[in-house]
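One-letter residues, chain by chain:
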Amino acid sequence: MLPGIIKIVIERKRQMASKAKNAQLDVNKQLETIDQQFQTLQILNEEGEVVNADAMPDLTDEQLQEIMRRMVYTRILDQRSTALNRQGRLGFYAPTAGQEASQIASHFALEKEDWILPGYRDIPQIVWHGLPLYQAFLWSRGHYQGMNIPDGLNIYPPQIIIGAQYVQTAGVALGIKKNGGNTVAITYTGDGGTSQGDFYEGINFAGAYKVPAIFIVQNNRYAISTPVDVQTAARTLAQKAVAAGIPGIQVDGMDPLAVYAAVKQARERAVAGEGPTLIEALTYRYGPHTLSGDDPTRYRTKEEDTEWERKDPLVRFRKYLEGKGLWNQEMEEQVIEQAKEEIKEAIKQADAAPKQKVSDLISIMSKNLDANLQEQLEIYKEKESK
Amino acid sequence: MAQMTMIQAITDAMRVELKRDEKVLIFGEDVGKNGGVFRATEGLQAEFGEDRVFDTPLAESGIGGLAIGLATQGFRPIPEIQFFGFVYEVMDSIAGQMARYHFRTGGKFDMPIVVRSPFGGGVATPEMHADSLEGLMAQTPGLKVVIPSTPYDAKGLLISAIRDNDPVIFLEHMKLYRSFRQEVPEGEYTIELGKADVKREGKDISIITYGAMVHESLKAAEELEKEGYSAEVIDLRTVHPLDIETIVKSVEKTNRAIVVQEAQRQAGIAANVIAEINERAILSLEAPVLRVTAPDTVYPFAQAEPVWLPNYKDVIDTAKKVLTF
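Definitions and cut-offs
- Throughout this document, residue positions are counted from 1 along each chain, in the order its sequence is written.
- Chain letters and ligand numbers both follow the written order, the letters beginning at A and the numbers at 1.
- Reporting of local features is limited, given that this is a predicted model, to residues whose pLDDT is at least 70; pairs of side-chain atoms are given and counted only at 80 or more, and all residues count toward the totals for whole chains, interfaces and linings.
- The side-chain numbers reported here are obtained from all heavy atoms of the structure, hydrogens and water having been left aside.
- The cut-offs for exposure are 20% and 50% of the maximum accessible area for each residue type, with area from a 1.4 Å probe on protein chains only; residues under the lower value are buried, those over the upper are exposed, and the others partly exposed.
- Where helices and strands are cited, they refer to DSSP runs of H or I of at least four residues and of E of at least two residues respectively, numbered from the N terminus.
- Following DSSP output, two strands are said to pair if at least two bridges run between them.
- Whether a crossover is right-handed comes down to one check: with the strands pointing away from the viewer, does the path from the first strand over the helix to the second run clockwise; if it does, it is right-handed.
- One side-chain nitrogen of Lys or Arg within 4 Å of one carboxyl oxygen of Asp or Glu is enough to make a salt bridge.
- The span you would expect from a helix comes to 1.5 Å times its residue count less one.
- Pairs of N or O atoms are called polar contacts if they sit within 3.5 Å, as long as, within protein, a hydrogen donor faces a hydrogen acceptor (for residues adjacent in sequence, only side-chain-to-side-chain pairs).
- UniProt positions are given in the numbering used here, feature names are shortened, and annotations may be inferred rather than shown by experiment.

Undergrad: Can you walk me through the pairing of strand S3 (residues 185-190) of chain A in this structure?
TA: In regular strands, side chains alternate between the two faces of the sheet. All names here are of chain A. Among the six residues that make up S3, five are buried, leaving the element largely enclosed by the rest of the structure. In the sheet, strand S2 (residues 115-117) pairs with S3 via three bridges, with the strands oriented parallel. Bridge assignment links Ile116 to a residue of S3, and that residue is Ile186. Two elements, S3 and strand S4 (residues 213-219), share six bridges in a ladder whose sense is parallel. Paired with Thr189 across the bridge in S4 is Val217. Note that the unit made of S3, helix H8 (residues 197-209) and S4 has a crossover that is right-handed.

Written out as structure tokens, the structure reads:
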């Protein structure tokens, strides 16, 4: 006869062992369960109808109008940037049309003091966070003053190395936590970015240290030409959060209200000390990957483009606001005019920036120039004075 | 003053700076409770708390990104890369990101980061641990690369590196960690980065070197002395930026030079030193400047280290070729 307590222990061990074995055998059920857990959050459907009133975020009429205003403005910025690029008046440009709800509504859920670590397509968010438009244009042209970010703006330079912003965001958010701040760090990447090691390291560090970070994945279906189903066997990108032990949410990224609601909740969790959130926004870029020679007709069909254009964030939000009497043609035209005017001014300002010299570039290499750089600086200054 | 090994001096430097500046943070794999695999951070978590000295998940790129993010939030991070052979995992964070932040932001962001990492041969580490990769770092604009050869230098250089507002790669030769003790002052003192040190004065030949090879070179100089040659040994201490002034001054005096490095031969620090000598002091030279280096193979397996690593005999042989040219 075994003493009672030992019998119980042995019995529990048996139960645990058999439970573990069952779990391993039923892998299909495991995958099904994951699929069920990651449903898409939508509030406003393609017709501009509220389909999920329970999830409706608390926004005033003025705030709703402001989101619309910014989305229209950003669509014009995209059109003008594309035109300016083709005229040779802008440099590197990654089109944003189609992604306005993901970009603008996610940014709208932030506070001025929050920190943004953008990818190269995320220029609208940092412009709405306060970066003067002419500086965004300077950055596009490759001028060193482009990302000399004015004091008081919590903006990082757009990341070029896909995924690198994710590991840095973990560090920024840990810094916020250590400094006792009540702000968040938010970062953006695309569907391709979720294949990078840095993506996993970033969300994993952020989860392990429970820091106030929001990781946004704008799943626009293609990493240049590679479709998302070639990136991963995962049915959603949101479920990648599970491995890091943090919440993952998939939202309709063409629905500004769903995007706003998800980011708002993530922000509230973050500042309450509950840690990071991963948000996947299902969206689409109407244009090419960048204006540096990409031709999307090589990898996307006209039918797919049309299908996504029907989901357009501006169309559905316009319908929604018109239905509430909050938007009309006149207001829209006013925003378009304002955008065109401001873009014209910003280009003028960018044109007025000083011509870059090698001596400028040497001067910004480091806080304190070493003797060798100092020597090179003198050589170039001498050359440039002639 | 206390007698310290190099690793004790390194720990002491971090203790001094943790105490002096609350923005200094130390993190990396196993640096907390365990004090690091070499015990470089021994006792620091207990003394300064888990908020200042903490373990990270096992991911070098994540450690690099964490350092960058923290630096932009006003901290002075000292991340440890457990062995420098693992640096490829964090090359983007180091060479792609932290080295460029100041430049990319038009001079806005400082990057006061010191990446500490053990490297170097002769202690029979497993594969991919011991490589001398300082050349890779030195070729990256925006990084300073510091390699101390003594306990005294290690402490003063590390304190300077921590106070520097640009990223510094601080490489600690594993063989030197506990190979000898030296008088090391208590409290704080700094040694300017980018300044070489004449470890032994001489008049017939300049032996320009750094890291563990400083000691092979000093031993060679002693042997050469017995044969009537007076060798000057220059310890670069910072391999990027180079202290060209000290190098040139020495060569102008001795008219002959060799450069000694543990790293493989091609495209490294030694080649760069010779290029600078050629450009600035060629008319002072009585003989070509030769190199003592490891061969251009992959860093070998542990048992092959003794035949592969350059040693004082190689230094003597090469020095004699130059002396008798």
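Undergrad: What am I meant to see in the pattern of salt bridges here?
TA: A side chain with one charge can pair with a side chain of the opposite charge if their charged atoms come near. Taken as a whole, this structure holds 41 salt bridges over all chains when the rule is applied. Salt-bridge contacts for Arg316 of chain A lead to Asp252 of chain A; the nearest nitrogen and oxygen are separated by 2.9 Å. Of this pair, Arg316 of chain A sits in helix H13 (residues 313-323) while Asp252 of chain A sits in strand S7 (residues 248-252), placing them 64 residues apart in sequence. Grouping residues by exposure puts Arg316 of chain A and Asp252 of chain A together as buried. Linking Arg318 of chain A and Glu332 of chain A is a salt bridge whose minimum nitrogen-to-oxygen distance equals 2.5 Å. Here Arg318 of chain A is found in helix H13, whereas its partner Glu332 of chain A is found in helix H14 (residues 329-351), with 14 residues between them in sequence. Among the residues examined, Glu332 of chain A registers a relative accessible area of 10% and is labelled buried. Each member of the salt-bridge network shares a partner with another, and the members are Asp12, Arg15, Lys19, Glu47 and Lys155 of chain B.

Undergrad: In this structure, what is going on with helix H11 (residues 256-271) of chain A? I would like to understand it.
TA: Residue and element names in this part refer to chain A. Relative to the 22 Å expected for 16 residues at 1.5 Å per residue, H11 spans 22 Å between its end C-alpha atoms, a close match to the ideal helical length. The distance from a side-chain oxygen at the start of H11 to the backbone nitrogen of Leu257 is 2.9 Å, and the residue carrying that oxygen is Asp255. Taken from the residues just after H11, Gly273 is the one with a positive phi, measuring 85 degrees.

Undergrad: Where do I start with the UniProt feature "domain: Transketolase-like pyrimidine-binding" (unreviewed entry) in chain B in this structure?
TA: UniProt records the feature "domain: Transketolase-like pyrimidine-binding" (unreviewed entry) for residues 4-179 of chain B in the present numbering. Annotation note: span residues 4-179 of chain B, helix share 36%, strand share 16%, distance between end C-alpha atoms 11 Å.

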